Amino acid sequence: MALRAVFLDIDGVILDPAPGDAEWMRVSGDVYAAEFGGDPVSWGRASQELFGGVVAQLDRTLGDPSEIERGVHVALLARLCAHFGTARGR
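Predicted model only: the values in this text are computed from it and were never measured.

Conventions and cut-offs
- Residues numbered from 1 in each chain as written.
- Predicted model: local features only at pLDDT ≥ 70, side-chain atom pairs only at ≥ 80, totals over all residues.
- Heavy atoms only, no water.
- Phe/Tyr/Trp six-rings, centres within 6.5 Å; stacked < 30°, edge-to-face > 60°.
- Helix = DSSP H or I, 4+ residues; strand = E, 2+ residues; numbered from the N terminus.
- Buried < 20%, exposed > 50% of the residue type's maximum accessible area, 1.4 Å probe, protein only.
- pLDDT = per-residue confidence, 0-100.

(A) Molecular detail of the packing of aromatic side chains. Evaluated as defined, the whole model comprises four aromatic pairs. Between W43 and F84, the aromatic rings sit 4.2 Å apart at their centres with planes inclined by 35 degrees, giving tilted as the arrangement. Here F84 lies in helix α3 (residues 65-84) and W43 lies in helix α2 (residues 40-56), a separation of 41 residues in the sequence. Residue classification places F84 among the partly exposed positions, given a relative accessible area of 31%.

(B) Looking closely at the confidence of the model for the protein. Here the protein averages 82 in pLDDT, while 82% of its residues score no lower than 70. Highest mean pLDDT in the protein belongs to α2 (91); lowest belongs to strand β2 (residues 13-14) (65).

Here it is, written out as structure tokens:
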């Protein structure tokens, strides 16, 4: 029989990307706005829009999943700061 569906279980929750995307935008917007100022909705939208490009350009030779994850978030933060014209970190 052909495989018809794959269920991804993340921390006991079946992954549903539609609400996950909205939650990512809300949470990331809140975090970035609290750290750098500005509108959380704008930060969240930019985070969502830029994330795919960051992942597409990721250096997958890093190997270690935690290093890959760290690389994604560092690169995303750099792009977000460039997008909003703000300095990274304090």
